[in-house]
Amino acid sequence: MSSDAECVLKGALLPDGRVADISIGGGRIVHVGAARRADRTIDCTGLLCLPGAVDMHVHMRGGDKQGYKEDWVSGSQSALAGGVTTVVDQPNTIPPLTGAEAFTGRVAEATRDACCRFGINGYVSGDSDITGLWEAGALAFGETFAAASSYGSAITTEELEQAFSVIAGLGALVTLHCEDVLPGDDTSLAAHAALRPEAGETACMEMVAARFPPGLSAHFCHLSSPLSAESAMGTLPATYEVMPHHLFLSIEEHGTAPEGCCKVNPPVRHEATRKALWEMWDAIPVIASDHAPHTAEEKSQPFSEVPSGIPGVETMVPLLLAEVYRGRIALSSLLEKVVYTPAHLLGIPISTLLPGTPADLALYPRQETVKITSDLLHSRAGWTPYEGMQGVFPYITCVGGHLSYLRNEFSQTDGLWVPGRGYKCTGAE
Ligand code: DOR
Ligand code: ZN
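The structure reproduced in this document is the subject of the present report.

As a further point, take the overall build of the chain. Of the regular secondary structure elements, the chain holds 12 helices and 20 strands. Taken against the 2.2 N^0.38 rule, which gives 22 Å for 429 residues, the C-alpha radius of gyration of the chain at 21 Å falls within 12% of a compact globule. In terms of overall dimensions, the chain has C-alpha extents of about 70 × 50 × 40 Å along its principal axes. Counting over 429 residues, the chain shows a buried share of 61%. Looking at the chain alone, contacts between residues at least 24 apart form 72% of all its contacts between residues at least 6 apart. The centroid of the 28 positive side-chain charges in the chain is displaced by 7 Å from the centroid of its 50 negative side-chain charges.

Right under this line is the structure:
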């Protein structure tokens, strides 16, 4: 007799406190309760089952030029080992994804190499074919560089206005990197932060928001201070995200690595700002990682030459789940910020742990936190600024019903592409 499910995750704790057997088949959850008959049963006693996280801001690198920093194999393994089942790749690749052909090539690369679900955004510049990117399946547009950063030059105001008008017409989401970059010597974390000040980030957001056409859906990337977050709330319905590095690192508290390791745009701020961001935790709509891997060698150069960016897709949920276990934040608030709100903004499928939803799940130990060390992690970057901090890492991560990560082993499948709403399949893909 054939079985009713392909796999059962037996005896897992659900976020609402129930203990249940989760039966999976055809890529979806088919039943939550007593186990269905299945081909395979995995004992999940003592494990907390959460929906897989959606990290809406990662730079997966790869392509011909940047695979030495990261590629879709190492980047997606890093995601799975951190409980992230869907990543949204940013288009500031080399070359950037300005048109349908480059975009479709990127989708092919990720489908071949990734072992998680993925979406890809379109690049916004004066040369971009926004409509072509939308029809090729771009999930959203951005991050759009209203200020220059590593691998992104600043767009002009005129180009931005033009892009906004096309994006609003398509009904797509635009995501925005806002900063004001002052001239000066970029010699330390403190100097870097002073040259890209909190007030400049907020002023740039306000300049950009003043140009939103009616009906534009906009999302501010990686806000580094309460000042900016409050400004974003004033431009509703725009939403915003905050990154783990702005919650866990500061100019004063950046661990033992060389200062360049924590160089990132927007910069890490002073302790007072970091603590004030935590005070706003409940109001923050989205947490994303801005996973931006560079090698240890690149990050050890003289500070002014160090590229900006921090790897973080694998440590985002673990660091925050450790805060849940310490009783500092609610599990439900974490799930809102790393699963439900990003999925809602992007219109993508996620598990709600209900039958019929995709079996994108991560199972975590209920007690055990581990000391984070770079050799535990899977990014090709090979280092972490969170060395020595505590994290709660999943034992099992399931994508589309497949046990993609099982107690330190990965099983390679095709990446599962999530196209945007404008996707017109030409049959050429
Ligand atoms: O620090 C950053 N690094 N900020 C960005 O906006 C881009 C990113 C990268 O791609 O390295
Ligand atoms: Zn950015």
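Before going further, it helps to spend a moment on the nonpolar core. With 107 residues, the main nonpolar core has Val-87, Phe-141, Leu-176, Val-208, Phe-212 and Phe-220 as its most contacted residues. Contacts of Phe-212, omitting those with residues within four sequence positions, involve Phe-164, Leu-176, Ala-218, Phe-220 and Ala-238. With 20 residues, the next largest nonpolar core counts Leu-14, Val-32, Leu-47 and Leu-361 among its residues.

Judged by how many residues are buried, strand β14 (residues 361–365) sits mostly within the fold: 5 of 5 residues are covered. By the bridge criterion, 5 bridges tie strand β5 (residues 47–51) to β14 in an arrangement that is antiparallel. When the sheet's bridge partners are listed, Leu-50 is paired in β14 with Ala-362. Sheet analysis places β14 next to strand β17 (residues 396–399), joined by 3 bridges and oriented antiparallel. In the sheet register, Leu-361 faces β17, and the bridge partner there is Cys-398.

What follows covers the site of ligand 1. The environment of ligand 1 is made up of 14 residues, and the closest members are Arg-61, Asn-92, His-177, Asn-265 and Ser-308. A distance of 3.4 Å separates an oxygen atom of ligand 1 from a polar side-chain atom of His-59. One nitrogen or oxygen atom from the side chain of His-294 is found 3.2 Å from an oxygen atom belonging to ligand 1. In the complex, the protein chains occlude 100% of the 290 Å² of accessible area that ligand 1 would expose alone. Looking at the shell around ligand 1 residue by residue, the classes come out as 3 nonpolar, 9 polar and 2 charged.

Evaluation of the coordinates by the stated rule reveals 17 salt bridges. Glu-109 serves as the salt-bridge partner of Arg-106, at 3.4 Å between the closest nitrogen and oxygen. With Arg-106 and Glu-109 both in helix α2 (residues 100–113), this residue pair falls 3 residues apart, about one helical turn. Summarising the burial analysis for this pair, Arg-106 and Glu-109 share the class buried.

Once that is clear, we can look at the coordination of the zinc ion (ligand 2). Protein-derived coordination of the zinc ion (ligand 2) comes from Glu-143 (OE), His-177 (ND1) and His-222 (NE2), at a distance range of 1.7 to 2.3 Å. Bound by 4 donor atoms, the zinc ion (ligand 2) shows angles of 80 to 136 degrees at the metal and therefore irregular coordination geometry. Sequence spacing of the donor residues for the zinc ion (ligand 2), all on one chain, is E-x33-H-x44-H. Here Glu-143 is found in strand β9 (residues 141–145), whereas its partner His-222 is found in the loop between β11 (217–220) and α7 (226–234), with 79 residues between them in sequence.

Moving on: helix α9 (residues 271–279). Listed in full, the buried residues belonging to α9 are Glu-271, Thr-273, Arg-274, Leu-277 and Trp-278. An end-on view of α9 places all buried positions within 165 degrees of arc, on one side of the element. Facing away from the buried side of α9 by more than 90 degrees, the exposed set consists of Ala-272 and Glu-279. On the buried face of α9, the contacting elements are α6 (198–209), α7, β12 (239–242), α8 (244–248) and α11 (316–325).

Turning to the sheet that holds strand β8 (residues 117–120), a few remarks are in order. Reading across from one edge, β6-β7-β8-β20 is the order of the 4 strands in this open sheet, with parallel pairing throughout. The outermost strands of the open sheet, each flanked by one partner alone, are β6 (53–58) and β20 (416–417). When strand β7 (residues 84–89) meets β8, the two strands line up parallel, connected through 4 bridges. Counted as the bridge partner of Asp-89 is Ile-120 from β8. Packed on one face of the sheet, helix α12 (residues 331–346) meets β6 and β7 and runs near 60 degrees to β6.

In this section: unusual backbone geometry. Here Ile-94 and Pro-95 are connected by a cis peptide whose omega angle stands at -10 degrees. Along the polypeptide, Pro-95 turns up in the loop between β7 and α2. Of note, the amide linkage connecting Asn-265 to Pro-266 takes the cis form, showing an omega dihedral of -10 degrees. For Pro-266, the position within the fold is in the loop between α8 and α9. A positive phi angle is found at Arg-61, which is not glycine, with a value near 60 degrees. As for its position among the elements, Arg-61 is in the loop between β6 and α1 (72–80).

Sheet analysis places strand β10 (residues 173–177) next to β11, joined by 4 bridges and oriented parallel. Within β11, the residue paired with Leu-173 across the bridge is Ser-217. As paired strands, β11 and β12 are joined by 2 bridges and run parallel to one another. Across the sheet, the residue bridging to His-219 is Thr-239, located in β12.

Checked against the element boundaries, Thr-41 lands in strand β4 (residues 38–43). Sequence spacing of Thr-41 and Val-8 is 33 residues, and the spatial spacing of their C-alpha atoms is 4.7 Å. With residues up to four places along the chain from it excluded, the contact list for Thr-41 reads Val-8 and Lys-10.

Cut-off values and rules
Residues numbered from 1 in each chain as written. Chains lettered and ligands numbered in written order. Predicted model: local features only at pLDDT ≥ 70, side-chain atom pairs only at ≥ 80, totals over all residues. Heavy atoms only, no water. Helix = DSSP H or I, 4+ residues; strand = E, 2+ residues; numbered from the N terminus. Rg over C-alpha atoms; globule rule 2.2 N^0.38 Å. Buried < 20%, exposed > 50% of the residue type's maximum accessible area, 1.4 Å probe, protein only. Contact = heavy atoms within 4.5 Å. Lys, Arg positive; Asp, Glu negative; His and termini not counted. Charge placed at Lys NZ, Arg CZ, Asp CG, Glu CD. Core = buried A, V, L, I, M, F, W, Y, C linked by side-chain atoms within 4.5 Å. Pairing = 2+ DSSP bridges. Near = heavy atom within 4 Å. Polar contact = N/O pair within 3.5 Å; in protein donor to acceptor, adjacent residues only side chain to side chain. Areas by Shrake-Rupley, 256 points an atom, 1.4 Å probe, with all protein chains shown as cover. Nonpolar A, V, L, I, M, F, W, Y, C, P; charged D, E, K, R; others polar. Salt bridge = Lys/Arg side-chain N within 4 Å of Asp/Glu carboxyl O. Donors = N, O, S within 2.8 Å, 3.2 Å for Na, K, Ca; no water. Tetrahedral: all angles 85-135°; square planar, octahedral: opposite > 155°, others 65-115°. Arc of directions from axis to C-beta. Axes fitted to C-alpha atoms, helices over the stretch in contact; angles between N-to-C directions.

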